[in-house]
Amino acid sequence: MSLPLVAIVGRPNVGKSTFVNRISGRDEAIVHEMRGVTRDRSYHDADWNGVRFRMIDTGGIEVSSSDQFQNSIKAQALASTEESDVIIFIVDGKTGIQSEDEEVAQILKRSKKPIMLVVNKIDEPNNTNDIYEFYKLGIGDPYAISALHGHGTGDFLDDMITKFPQNVIEEDDDSIKIAIIGRPNAGKSSLTNCLTGENRSIVSDVAGTTRDSIDTIVERAGQKYTIIDTAGLRKKSAIDEDVEYYSFVRAMRAIDKADVAVLVVDSTLGLTDQDQRVAGMAKDRGCALVIVLNKWDIVGDAKRKAEVRQHLEDRMEFVGYANIVQAVALTGKKVQHIWESIDSSFANYCKKISTNQLNNWLMKIKETGFTVTKGKQVLRLKYITQTGTKPPHFTAFVNHASIVNDNFERFFENRMRENFDLSGTPITVRYKTK
């Protein structure tokens, strides 16, 4: 299920990025006193009392500005309010109401989404007299907080999560959910039409034709699939129109609720940085992954095809578990192989390996002698068990979890994949001191 979206808006330099860092518990958003540092949206996952949500940190809205980027910033910030579930309007308690605050408030009032007014920079917890003038904005009761110190954020978050959509029901929850993702014009809509057997998605040579996510239910051999054709994912800096922004967020949501992500790559162009970013999104959200090298019939001769395949494998090593299929979505050639890869990837995504099998394998790993040392400490493997699925999660008990390094983690995962069929799915191994 996709996470509730919270849009953080306001004029520049009111502390939006500081607020995001405080709530997310990570210093991911850039904080600087210069106006307009945040020009693009950035996405930050957070959790409050077990309720997970995603925040969108937007650029500061300046209604009248000579900044060449301001029209784009304003459009993207306002677009985020339309796509979000809750809007957080942040103002500066030290400077009081500014004319830009009043203009932003007038714009936000047109939205039908819940709006919460946050008066930031109230660094003295008992000094809330400065917040009363903000009632003039007509947004509702203001919340006095200090994003820098954390004062007042707990009570605010308690109220915020009550405004999230309630009783959201996923239809056809027994279906395998497949997100068709990739850059614009890679052939996603053609592939969706081929998989569904219907011309449900507009197919065009104009990049970005698909503006929304379209869910289609397909049944094959008694198994239901929900196929989501998403808008093409561009580099963030290339998303200027409101509608492009909607498409980006909806594609992110599609990946959130997908079991299997099918990344469509235009073989004639070869792999690009954008393809890598999209694959990274699927990996970060724990989806099984199938990579489709589309338009394979017009790539060139055998030498060129081998180069394209090798280039993809080299640059996609971070998702080396993904199944790769060469196909022609427009004609349906080898699309059957895509279905087979989806099924096998999903099966491994749900795979359960018995504790007995895991520990028999662990004995063989211990015999290799490969380990980690730090000073007098030597890593010893004790025991391993599976602790979750979708994707598979494992917990390995060791004597000193603190000395496990990246090299050992790669070695351990590679040996596990060699012994157990886990192609198509990411896995997570947690090391715990026993």
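Numbers given to residues run from 1 along each chain, matching the order in which its sequence is written. A pLDDT threshold of at least 70 governs which residues receive local features in this predicted model, and a stricter bar of 80 or more applies before side-chain atom pairs are shown or counted, although totals over entire chains, interfaces and linings include all residues. Hydrogens and water molecules were not included; the side-chain quantities draw on all heavy atoms of the structure.

**Section: the sheet that holds strand β16 (residues 393-398)**
Thinking step 1. For two strands to pair, DSSP has to find at least two bridges joining them. Strands are runs of DSSP state E lasting at least 2 residues, helices are runs of H or I lasting at least 4, and numbering of each runs from the N terminus. Strands sit in the order β15-β16-β17 across an open sheet of three strands; the sheet is mixed. Edge positions in the sheet fall to β15 (381-388) and β17 (428-433), since each has one partner strand and no second. For this sheet the average axis-to-axis angle between neighbouring strands, irrespective of direction, equals 25°.
Thinking step 2. Relative to β16, β15 is paired through six bridges, and the arrangement is antiparallel. Opposite G388, over in β16, you have H393 as the bridge partner.
Thinking step 3. Where helix α10 (residues 355-368) meets the sheet, its contacts fall on β15 and β16, and the angle it forms with β15 comes to roughly 145°. The axes used here are C-alpha line fits, helices contributing only the stretch in contact, and every angle between their N-to-C directions lies in the interval 0 to 180 degrees. Working rule for contacts: check all heavy atoms of both residues, and any pair within 4.5 Å makes them a contact.

**Observations regarding a positive patch on the surface**
Thinking step 1. Only residues whose relative accessible area exceeds 30% and that form no salt bridge are eligible for patches; like-charged ones are grouped when within 9 Å, while nonpolar side chains (Val, Leu, Ile, Met, Phe, Trp, Tyr) are grouped when within 5 Å. With residues, only the protein chains shown are counted as cover, and all accessible areas are computed by Shrake-Rupley using a 1.4 Å probe. Put simply, a salt bridge is a Lys or Arg side-chain nitrogen that is within 4 Å of an Asp or Glu carboxyl oxygen. Working convention for charge: Lys and Arg count positive, Asp and Glu count negative, and His plus the chain ends are omitted. A charge is said to be at NZ when it belongs to Lys, at CZ for Arg, at CG for Asp and at CD for Glu. Residues K366, R380, K382 and K434 make up a contiguous surface patch of positive charge.
Thinking step 2. Of note, K366 is situated in helix α10.

**Some words on the pairing of strand β10 (residues 260-266)**
Thinking step 1. A 1.4 Å probe rolled over the protein chains alone gives each residue an accessible area, and that area as a share of the maximum for its type sets the label: buried under 20%, exposed over 50%, partly exposed in between. Most of β10 is tucked away, with seven of its seven residues classed as buried.
Thinking step 2. The two faces of β10 match: V260, V262, V264 and D266 on one face and A261, L263 and V265 on the other face are all buried.
Thinking step 3. As defined by bridge partners, strand β7 (residues 176-181) adjoins β10 across four bridges and the pair is classed as parallel. Considered in β10, the bridge of A179 is made with A261.
Thinking step 4. Place the viewer so that the strands point away; then a crossover is right-handed whenever the path from the first strand over the helix to the second strand goes clockwise. Each parallel crossover has a hand, and for β10 linked through helix α7 (residues 273-284) to strand β11 (residues 288-294) it is right-handed.

**Re the packing of aromatic side chains**
Thinking step 1. Only rings of Phe, Tyr and Trp enter the pairing, Trp through its six-membered ring, and a pair is recorded when the two centres are within 6.5 Å. The plane angle decides the type: under 30 degrees is stacked, over 60 is edge-to-face, the rest tilted. Counting across every chain of the model gives 15 aromatic pairs.
Thinking step 2. Look at Y143 and F156: their rings are 5.2 Å apart centre to centre, the planes differ by 75°, and that puts the pair in the edge-to-face class. Here Y143, found in strand β6 (residues 142-144), pairs with F156, found in helix α4 (residues 153-161); they are 13 residues apart in sequence, far enough to count as distant.
Thinking step 3. Consider the rings of F370 and F408, whose centres lie 6.1 Å apart with planes at 15°: the pair is stacked. Of this pair, F370 sits in the loop between α10 and β13 (373-374) while F408 sits in helix α11 (residues 406-419), and the two are 38 residues apart along the sequence.
Thinking step 4. We classify F370 as partly exposed; its relative accessible area is 39%.
Thinking step 5. Using a relative accessible area of 0% as the deciding quantity, one classes F408 as buried.
Thinking step 6. Within the aromatic cluster, the residues linked to one another by ring pairs are W361, F370, F408, F411, F412, F420 and Y431.
Thinking step 7. Two limits define a charge over a ring: the Lys NZ or Arg CZ must be within 6 Å of the ring centre, and within 35 degrees of the ring normal. Positioned over the ring face of Y383 is K434, at 5.6 Å from the centre of the ring.

**Considering the packing of α10 against α11**
Thinking step 1. In contact at an axis separation of 11 Å, α10 and α11 are set at 125° when each is read in the N-to-C sense. The angle between α10 and α11 places the two elements in the oblique class. α10 and α11 meet at a crossing whose hand is right-handed. Seen from α10, the contacting residues are L358, W361, L362, I365 and T368; seen from α11, they are F411, F412, R415, M416 and N419. For classification purposes, an angle smaller than 35 degrees is called roughly parallel, one larger than 145 roughly antiparallel, one from 65 to 115 roughly perpendicular, and anything else oblique. Should the near helix be turned anticlockwise from the far one by less than a right angle, the crossing is termed left-handed; should it be turned clockwise, right-handed.

**Topic: helix α3 (residues 99-108)**
Thinking step 1. Buried within α3 we find E100, D101, V104, A105, I107 and L108. Burial along α3 is one-sided: seen end-on, the buried residues are contained in an arc of 160°. Each direction from the helix axis to a C-beta atom contributes to the arc, which is the arc of those directions.

**Focus: the pattern of salt bridges**
Thinking step 1. Overall, the coordinates contain twelve salt bridges when judged by the stated rule.
Thinking step 2. One salt bridge in this structure joins D45 and R54, with 2.6 Å as the shortest N-O distance.
Thinking step 3. On the basis of relative accessibility, which here comes to 29%, the residue D45 falls in the partly exposed class.
Thinking step 4. Between D92 and K121 there is a salt bridge; the shortest N-O distance is 3.0 Å. Within this pair, whereas D92 is found in strand β4 (residues 86-92), its partner K121 is found in the loop between β5 (115-120) and β6, the two being separated by 29 residues in sequence.
Thinking step 5. D92 sits in the buried class, given a relative accessible area of 5%.
Thinking step 6. By relative accessible area, K121 is classed as partly exposed at 23%.
Thinking step 7. If you follow the salt bridges from partner to partner, you end up with D45, R54, D256 and R285 in one network.

**Some words on the environment of T226**
Thinking step 1. Tracing the chain through its elements places T226 in strand β9 (residues 223-229).
Thinking step 2. For T226, a relative accessible area of 6% translates into the label buried.
Thinking step 3. Measuring from C-alpha to C-alpha, the distance between T226 and A179 comes to 8.4 Å, with 47 residues separating the pair along the chain.

**Examining the nonpolar core**
Thinking step 1. Ranked by size, the top nonpolar core spans 27 residues in total, and within it I181, L263, L289, I291 and M316 carry the most contacts.
Thinking step 2. Secondary-structure elements contributing two or more residues to this core are β7, α6 (242-257), β10, α7, β11 and α8 (302-315).
Thinking step 3. If one sorts the elements of this core by residue count, α7 sits on top with four residues.
Thinking step 4. When near neighbours in sequence (up to four residues on either side) are disregarded, L263 contacts I181, G182, D275, V278, A279, L289, V290, I291, V292 and M316. Grouping buried Ala, Val, Leu, Ile, Met, Phe, Trp, Tyr and Cys residues that are joined through side-chain atoms within 4.5 Å yields what is termed a nonpolar core.

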